[in-house]
Amino acid sequence: MTPEKISRRSERTKGRRKKILVLFFSLAAFIYAIYLFHLVSSFPPLKKQPAIIQKEIVGAYHLHTRFSDGRGRVEDVVKAARKNQLDFIILTDHGQPNLACLQSQGWRQGVLVLAGTEMSTSRGHLVGLAFSEAVRNLPREAEEAARIIQKEGGFTIIAHPYSKTSWSWGKENELYLGLELMDADTMFKKKWLSNLPLFPLLLFHKRIFALKILESFPAPFRQWDRLNEIDPPHYGFFSCDAHLFYETLLSLFHLHLPLERELPPEFKAARELVFKSLRSGAFYNAIDAAQPASGFNFWAKKGEEFYPMGSLIKLKPGEKARLYIRAPAFAAGRLVLIHNGQKILTSMEKEISFEPEASGFYRVEVYLQDKSILPENLPWIVSNPIFLRMDQNDSHSD
């Protein structure tokens, strides 16, 4: 065979291989596109949220900017908050405290920007909120830092206690207002490799990408219940802990504050109202990327007096309190009432009431019935507890 024929045969062989490769990758791309289309179509759309009669605001907690290790400016976070229709955000840049972050507070494009600081302490990371502007040079010793923030009018939250920089538990847990139950940053970093094929969803369907990073994480919930049995009250927080991908992560975990009045336009008054609700536990957590959760509420009534989430109710001998739960009306959810960490009641009703016979703490979890949206055993809504204290020896008025 002549060299010319050998050369032509080689070129034809290369041509066939090239066509086979093009066909293979085209087929792979087609199958991949079908997979993404099937994934997107399997998720039900967000239901249109009806008008809520009560005043309720929604926000995102634990956010980082360029003031520490975040990738975006405050303006970028505000833009993401507006796209997710949030009323407020809480920045928590690292520092002891982070003064630049604190100075960024105010109303920005209709979003209430609040700020605290995430401290590195002897036990782990601790978020401080609502403290005075006079605070400087917070110590690394966790208990001492918490005492200073309390003295200066603020409160502290234990950050991601079982992930990243884990928390080492001590004996003075009453110093801390609460702990983070879930954080989006940890879930994203844990599952980014397995979700690498889904990254194109960030271009056209951020909500589904966000939901696919979620997983059940029961350890913080168990510790939360233990703390409330020993040193109540402690409140639970869903945390974004966002450093980048703000629009995606801010769609996931929200704090809902049912209020008695509209959020005031004056910054200091609005700041005080939000931090007062958080300090008292009068809020619930929700994964609004699954379905909007506005309209949920959990409260108690003793006589003619109403008590919101986070309340401590003292009962004299013979007195009774009744608990009330209202689920969002536009999504099918399973209500679970939990007493001292144990499930005691499950219902598919939209509104239920329950008269407890025992003291302790009561909280609510709501699970979406459409299991394609959230992983099994991952609650859609988590309330803060209501605490009942039945004191047989208390003959004084409350």
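Look up a bit, the structure's there.
Here's a quick rundown of the structure. Just so it is clear, the structure is predicted and the values come from calculations on it, not from any experiment.

1. Regarding helix α10 (residues 267–279)
At step 1: Over its 13 residues, α10 extends 18 Å from the first C-alpha to the last, a length consistent with the 18 Å expected when each residue adds 1.5 Å.
At step 2: Taken together, the buried positions of α10 are A270, L273, V274, F275, S277 and L278.
At step 3: Capping of α10 at its N-terminal end is provided by E266; its side-chain oxygen lies 3.3 Å from the backbone amide nitrogen of K268.
At step 4: A positive backbone phi angle near 75 degrees is found at G281, which sits one or two residues after α10.

2. Some remarks on the pattern of salt bridges
At step 1: Scanning the entire structure with this criterion turns up 12 salt bridges.
At step 2: The shortest N-O distance in the salt bridge between R322 and E355 comes to 3.6 Å. Note that R322 is positioned in strand β15 (residues 322–326) and E355 in the loop between β18 (351–354) and β19 (360–368), a separation of 33 residues in sequence.
At step 3: Since its relative accessible area comes to 32%, E355 is described here as partly exposed.
At step 4: Through salt bridges with shared partners, a single ionic network connects D225, R363 and E365.

3. A look at the side chain of D225
At step 1: Mapped onto the fold, D225 is located in helix α8 (residues 219–230).
At step 2: Accessibility expressed as a relative area gives 8% for D225, which makes it buried.
At step 3: Apart from residues lying up to four places away in sequence, D225 is in contact with G341, F361 and R363.

4. Overview of the pairing of β15
At step 1: Covered by surrounding structure in β15 are L323 and I325 only, the residues R322, Y324 and R326 on the alternate face being uncovered.
At step 2: The pairing of strand β12 (residues 297–302) with β15 spans 5 bridges and is antiparallel. Each residue of the ladder has a partner; that of W299, found in β15, is Y324.
At step 3: With 4 bridges connecting them, β15 and β18 associate as antiparallel partners. Of the residues in β18, the one forming a bridge with I325 is I352.

5. Brief notes about unusual backbone geometry
At step 1: The linkage connecting Q96 with the following residue, P97, adopts the cis geometry, with an omega of 5 degrees.
At step 2: Along the chain, P97 falls in the loop between β2 (88–91) and α3 (99–102).
At step 3: Residue P233 is bonded to the preceding P232 through a cis peptide linkage, with omega at -5 degrees.
At step 4: Relative to the assigned elements, P233 resides in the loop between α8 and β9 (235–239).

6. Some thoughts on the pairing of β9
On a regular strand, each side chain points to the face opposite its neighbour's, so the side chains alternate between the two faces of the sheet.
At step 1: Extensive coverage of β9 is indicated by the burial of 5 of its 5 residues.
At step 2: Pairing analysis gives 5 bridges linking strand β8 (residues 178–183) to β9, with the strands arranged parallel. Bridge pairing in β9 links M182 to F238.

7. Overview of helix α4 (residues 142–151)
At step 1: Along α4, the residues that are buried comprise A142, E143, A145, A146 and I149. Taken end-on, α4 shows its buried residues confined to a sector of 160 degrees, consistent with a single buried face.
At step 2: Buried residues along α4 sit against β5 (117–120), β6 (125–129) and β7 (155–158).
At step 3: The N-cap residue of α4 is E141: its side-chain oxygen and the backbone nitrogen of E143 are 3.4 Å apart.

8. Structural notes on the environment of I287
At step 1: As for its position among the elements, I287 is in strand β11 (residues 284–287).
At step 2: Not counting chain neighbours up to four residues away, the residues in contact with I287 comprise M182, L211, L214, F238, L252, F253, L374, L378, P379 and W380.

9. A short note on the packing of aromatic side chains
At step 1: Throughout the structure, instances matching the rule amount to 15 aromatic pairs.
At step 2: Plain terms: the ring middles of F361 and F387 are 6.4 Å apart, the flat faces sit at 45 degrees to each other, and that makes the pair tilted. One end of the pair, F361, is in strand β19; the other, F387, is in strand β21 (residues 386–390), and 26 residues separate them in sequence.
At step 3: Take F361: its relative accessible area is 1%, and that puts it in the buried class.

10. What about the side chain of H243?
At step 1: Within the fold, H243 resides in the loop between β9 and α9 (246–249).
At step 2: We classify H243 as buried; its relative accessible area is 8%.
At step 3: Only 3.3 Å separates the side chain of H243 from the side chain of D69, close enough to count as a polar contact.
At step 4: Residue contacts for H243: discarding those within four places in its chain leaves H64, D69, G70, R71, G72, H94, K164 and D185.

11. Description of the nonpolar core
For soluble globular proteins, nonpolar side chains are generally found buried alongside one another.
At step 1: Of all hydrophobic cores here, the largest spans 92 residues; its most connected members are I89, L250 and I287.
At step 2: Per-element tally for this core: the top contributor is helix α2 (residues 74–83), with 5 residues.
At step 3: Setting aside residues no more than four positions away along its own chain, L250 makes contact with A60, L63, V77, A80, A81, N84, L86, I89, C240 and A242.
At step 4: Formed by 27 residues, the second largest nonpolar core is a distinct cluster that contains I90, A130, I157 and L259.

What counts, and at which threshold
Residues numbered from 1 in each chain as written. Predicted model: local features only at pLDDT ≥ 70, side-chain atom pairs only at ≥ 80, totals over all residues. Heavy atoms only, no water. Helix = DSSP H or I, 4+ residues; strand = E, 2+ residues; numbered from the N terminus. Expected span 1.5 Å × (residues − 1). Buried < 20%, exposed > 50% of the residue type's maximum accessible area, 1.4 Å probe, protein only. Polar contact = N/O pair within 3.5 Å; in protein donor to acceptor, adjacent residues only side chain to side chain. Salt bridge = Lys/Arg side-chain N within 4 Å of Asp/Glu carboxyl O. Contact = heavy atoms within 4.5 Å. Pairing = 2+ DSSP bridges. Arc of directions from axis to C-beta. Phe/Tyr/Trp six-rings, centres within 6.5 Å; stacked < 30°, edge-to-face > 60°. Core = buried A, V, L, I, M, F, W, Y, C linked by side-chain atoms within 4.5 Å.

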